Each structure stands twice: as structure tokens, then as C-alpha cells.
Amino acid sequence: MTTEKSATKREAKSKVWLDFGPLLVFFAAFHYFKRDNPDDAIIWAAGVLAIAATLALAWSWVKHKQTSPILIFSTIVIGAFALLALLFDDKRIIFMKPTFMNTLFGLAVLGGMFFKKNFIQLMMGSAFDMSDKHWNVQAIRWAIFFLAMAILNEIIWRNFTEEFWAGFKVFGFFPLTILFTLSQIPFLHKHATMKT
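Reading the values: rules and limits
Residues numbered from 1 in each chain as written. Predicted model: local features only at pLDDT ≥ 70, side-chain atom pairs only at ≥ 80, totals over all residues. Heavy atoms only, no water. Patch = residues over 30% accessible without salt bridge, like charges linked within 9 Å, V, L, I, M, F, W, Y side chains within 5 Å. Areas by Shrake-Rupley, 256 points an atom, 1.4 Å probe, with all protein chains shown as cover. Salt bridge = Lys/Arg side-chain N within 4 Å of Asp/Glu carboxyl O. Helix = DSSP H or I, 4+ residues; strand = E, 2+ residues; numbered from the N terminus. Buried < 20%, exposed > 50% of the residue type's maximum accessible area, 1.4 Å probe, protein only. Contact = heavy atoms within 4.5 Å. Core = buried A, V, L, I, M, F, W, Y, C linked by side-chain atoms within 4.5 Å. Phe/Tyr/Trp six-rings, centres within 6.5 Å; stacked < 30°, edge-to-face > 60°. Lys NZ or Arg CZ within 6 Å of the ring centre and 35° of its normal. Expected span 1.5 Å × (residues − 1).

Participant: Looking at this structure, how should I read a nonpolar patch on the surface?
Facilitator: Taken together, the side chains of L176, I178, L179, L182 and I185 define a hydrophobic patch exposed on the protein surface, amounting to about 410 Å² of accessible area. With four residues, the top contributor of residues to the nonpolar patch is helix α8 (residues 173-183). Relative to the assigned elements, L182 resides in helix α8.

Participant: Can you walk me through the environment of A46 in this structure?
Facilitator: Note on placement: A46 falls in helix α2 (residues 41-64). On the basis of relative accessibility, which here comes to 5%, the residue A46 falls in the buried class. When the C-alpha positions of A46 and W59 are compared, they lie 20 Å apart, and in sequence the two are 13 residues distant. Residues contacting A46, with those up to four places away along its chain left out, are F26, A82 and I94.

Participant: So what exactly am I meant to see when it comes to the nonpolar core here?
Facilitator: Within soluble globular proteins, side chains that are nonpolar tend to cluster in buried spots. Judged by nonpolar contacts, the single largest core of 44 residues is most densely connected at F26, I42 and W165. Taken together, the elements giving at least two residues each to this core come down to α1 (2-36), α2, α3 (69-88), α4 (92-114), α6 (132-159), α7 (162-171), α8 and α9 (185-191). If you tally residues by element for this core, the top one is α6, at nine residues. The contacts of F26, once residues within four sequence positions are left out, are I42, A45, A46, L49, W165, A166, K169 and V170.

Participant: Just to check I follow, could you spell out the packing of aromatic side chains for this structure?
Facilitator: A full pass over the atoms with the stated rule returns 19 aromatic pairs. Look at F81 and F100: their rings are 5.3 Å apart centre to centre, the planes differ by 40°, and that puts the pair in the tilted class. Here F81 is found in helix α3, whereas its partner F100 is found in helix α4, with 19 residues between them in sequence. On the basis of relative accessibility, which here comes to 16%, the residue F81 falls in the buried class. Judged by its relative accessible area of 37%, F100 is partly exposed. Three or more aromatic residues joined by ring pairs make a cluster, and in this case those are F73, F105, W142, F145, F146 and F180. Positioned above the aromatic ring of F26 is the side chain of K169, whose terminal nitrogen or guanidinium carbon lies 5.7 Å from the ring centre.

Participant: Just checking my understanding: could you explain α2 for this structure?
Facilitator: The α-helix winds at 3.6 residues per turn, so residues separated by three or four positions along the chain end up facing the same way. The end-to-end C-alpha distance of α2 is 34 Å, a good match for the 34 Å that 24 residues give at a rise of 1.5 Å each. The complete set of buried residues in α2 reads A41, I42, I43, A45, A46, L49, A50, A52, A53, A56, L57 and S60. Trailing α2 by a residue or two, K65 shows a phi angle of about 65°, which is positive.

Participant: Explanation requested: the pattern of salt bridges in the structure shown.
Facilitator: Any two side chains of opposite charge can pair, given that their charged atoms come close. Summed over the entire model, instances satisfying the criterion amount to three salt bridges. Measuring nitrogen to oxygen at the nearest pair gives 2.6 Å for the salt bridge that ties K91 to E162. Taken together, the residues K91 in the loop between α3 and α4 and E162 in helix α7 connect sequence positions 71 residues apart. Here K91 falls in the partly exposed class, since its relative accessible area comes to 22%. Notably, a salt bridge pairs E154 with R158, separated by 2.6 Å at the nearest N-O pair. Placement of both E154 and R158 in helix α6 is noted, with a separation of four residues, approximately one turn of the helix. On the accessibility criterion, E154 (17% relative accessible area) is buried. By relative accessible area, which is 51% here, R158 ends up exposed.

Structure, rendered in C-alpha cells:
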């Protein structure tokens, strides 16, 4: 049992670094490129992020012999937006990527419920048993969170500096996601049972 818990903790830490590691690389790259090329720093940093995300995806596959579809999709979108920004020399494409991703996730979760496909249950159902009613509550909460994050991104990139946006992308959005995830633990404790 202790060994299983240790393995679970290691997997959780590994997942955090898979998500957060490339963001730290992006932040460092942005400040590096900003010294010599402030106008295009965000575009080149996004290219570095795409490479870092691809390497993280490859490492996940080598380490675990599998990876989540969301990680694959996110990596493809990161690469596509970085390429588009480079081709069109338009940094707004980079700024709008979190808006696109979060809006897409939010609408997908809501749309899935309409078609009787609860994507939150599909992602978490292997770990928890819970009634359909409570899975739907979780889906609505996550959809609202994703859409709120999309709105927050729009407010930040349109009203603040590039440097502030780059910092918030790393040290704002990611911690907010962690905090929201943690805020759902009491609900899961109350309404769900862990699968063994």
C-alpha cells in the first residue's frame, strides 16, 4: 500500500512538471529574447515553448508508455499557434491561444453534457465512483472555470504589458488551475468514492 502511494505521488509530481516545466522554459526564453529583440520576444519564446512541450510529451511517452489525449492535443495546439504567429509575424496569436484553449475546453464540456458525454467523468471516472448528477455538477463547475479563464486572459493581454502577461501565464494561470482543482476536493470527498 505504501509503495502504491509513493508511486501515485511520483506520478502526480511528474504530471505537474510535465505541465509546469515547459511554462518555466517559456518564461525564461521570453526574458532572454526580450534583451535583444523585444518586439518579437513573445513569438520566439512561444516557439521554444512548442519545442519544450514536444519534448515533455516524448518524455511522458517514454517514461509511462502512454500519455493523455489532452496533453497530445495541447502540444499540437501550442505548436500550431507558435507556427502561425511566426508565419504571420503577429504576436496577438500567441496572446489569444489561452483564450482559444479555455473556450474550447469549456464549450466541449458543456456540449458533451448536451450529448450525454460527460468529459470530466471520462477523465476522472477511472479514479472515482460518483452519481451522474454529481458528475454533471463537476462538469458545470469545470466549464465555468475554463470560460472564466478565457475571459481573464482576454482582460490581461488587452490591458497589461507583454511582460505582465508572460508572467501571469506561468505564475497566474497555472496556480489558479491548481487552486481550483484543490477546491473541488471537498465535493469529491462528500459525493465520490475512490476506486481501488
